[in-house]
Amino acid sequence: MSLLNVFDVAGSAMAAQQVRLNTTASNLANAESVAESPDQTYKARHPVFAAALAGAQNARAGDGEGQGVQVLGVVESDAPLNYRYEPTHPFADESGYVAYPNVSAVTEMADMISASRSCQINVEMMETAKSLAERLLRLGQ
């Protein structure tokens, strides 16, 4: 891996963490939203990441050179919805329960802190690679 590839790897990791931050923000924004039926209730979403490897043959063997991070997609959580007993709520079912999203604020805040820290680490890595490249260029002077 060349020194310049470090920027591509760190950039792809930062882009992946941006997707993670966006889904976390969406989850937190919809944490208290309700719908008329449980089928329409918001479900927490989470991104799925994978290592981007050089060459399809190497990717299958698992011994390829890392080329960064790729986002495979965003999936909905299959955790059960949170039901609260609120018989006076307009969207309550016949038993008096309202279906709230399966979003855990604690988990989302932990994901947000983790994604933010990952971005900081990748910025530091890019700054270190830039410093090394500058020093390498100065050797030729």
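Reading guide: rules and limits
Every chain's residues receive numbers from 1 upward, in the order its sequence appears when written. Owing to the predicted nature of the model, reporting of local features is limited to residues with pLDDT of at least 70; listing and counting of side-chain atom pairs is limited to 80 or more, with chain, interface and lining totals taken over all residues. Hydrogen atoms and water are omitted, and side-chain values are computed over all heavy atoms in the structure. Numbering of helices and strands runs from the N terminus, with a helix taken as a DSSP run of H or I at least four residues long and a strand as a DSSP run of E at least two residues long. Atoms considered for the radius of gyration are the C-alpha atoms alone. The globule rule reads 2.2 Å times the number of residues to the power 0.38. Only protein chains enter the accessibility calculation, which uses a 1.4 Å probe. A residue is then buried if its area is under 20% of the maximum for its type, exposed if over 50%, and partly exposed in between. The term polar contact refers here to a pair of N or O atoms within 3.5 Å; inside protein, the definition further demands a hydrogen-donor-capable atom paired with an acceptor-capable atom, and it admits residues adjacent in sequence only when both atoms are side-chain atoms. Every residue pair with non-hydrogen atoms within 4.5 Å of one another is taken to be in contact. The span you would expect from a helix comes to 1.5 Å times its residue count less one. Each Phe, Tyr or Trp ring, with Trp reduced to its six-membered ring, pairs with another whose centre is within 6.5 Å; inter-plane angles below 30 degrees give stacked pairs, above 60 give edge-to-face pairs, and intermediate values give tilted ones. Working rule: Lys NZ or Arg CZ, within 6 Å of ring centre, within 35 degrees of ring normal, means a charge sits over the ring.

K.L.:
Just to check I follow, could you spell out the overall build of the protein chain for this structure?
P.N.:
Counting its secondary structure elements, the protein chain contains three helices and four strands. Scanning the protein chain from its N terminus toward the C terminus, one meets helices and strands in the order α-β-α-β-β-β-α. In summary, the protein chain has a C-alpha radius of gyration of 22 Å against a globular reference of 14 Å for 141 residues, an excess of more than 25%. Counting only C-alpha atoms, the protein chain reaches 80 × 35 × 15 Å along its principal axes. Across the 141 residues in the protein chain, those meeting the buried criterion constitute 25%.

K.L.:
Before we go on, may I ask you to explain the side chain of Arg-20 in this structure?
P.N.:
For Arg-20, the location among the structural elements is in helix α1 (residues 5–29). Judged by relative accessible area, Arg-20 falls into the buried class, the value being 16%. Within the structure, the side chain of Arg-20 is placed 3.3 Å from the side chain of Asp-111, a separation counted as a polar contact. With sequence-adjacent residues up to four places away left out, Arg-20 is seen in contact with Pro-47, Phe-49, Asp-111, Ser-114 and Ala-115.

K.L.:
Would you mind going over α1 with me for this structure?
P.N.:
In an α-helix there are 3.6 residues to a turn, and that puts residues three or four apart on one side. Here α1 contains 25 residues, and its C-alpha end-to-end distance of 36 Å stays within 8% of the 36 Å for a straight helix at 1.5 Å per residue. Along α1, the positions that sit buried rather than exposed are Val-6, Ala-10, Ser-12, Ala-13, Ala-16, Gln-17, Arg-20, Thr-23, Thr-24 and Asn-27.

K.L.:
So what exactly am I meant to see when it comes to the packing of aromatic side chains here?
P.N.:
Between two aromatic rings, the relevant description is the distance of the centres plus the angle of the planes. Using the criterion set out here, one finds one aromatic pair in the structure. The ring of Tyr-100 carries Arg-84 above its face, with NZ or CZ at 3.8 Å from the centroid.

K.L.:
When you look at the environment of Val-69 in this model, what are you seeing that I'm missing?
P.N.:
Note on placement: Val-69 falls in strand β2 (residues 66–76). In this structure, the C-alpha to C-alpha distance between Val-69 and Tyr-42, residues 27 residues apart in sequence, is 28 Å. Once residues within four sequence positions are removed from consideration, Val-69 is found in contact with Ser-12, Ala-13, Ala-16, Phe-49, Ala-50 and Ala-52.

K.L.:
Even after reading the chapter, I still don't get the side chain of Asn-122, so can you show me in this structure?
P.N.:
With respect to the helices, strands and loops of the structure, Asn-122 is situated in helix α3 (residues 105–139). In terms of polar contacts, Asn-122 uses its side chain to reach the backbone carbonyl oxygen of Ser-118, at 2.8 Å.

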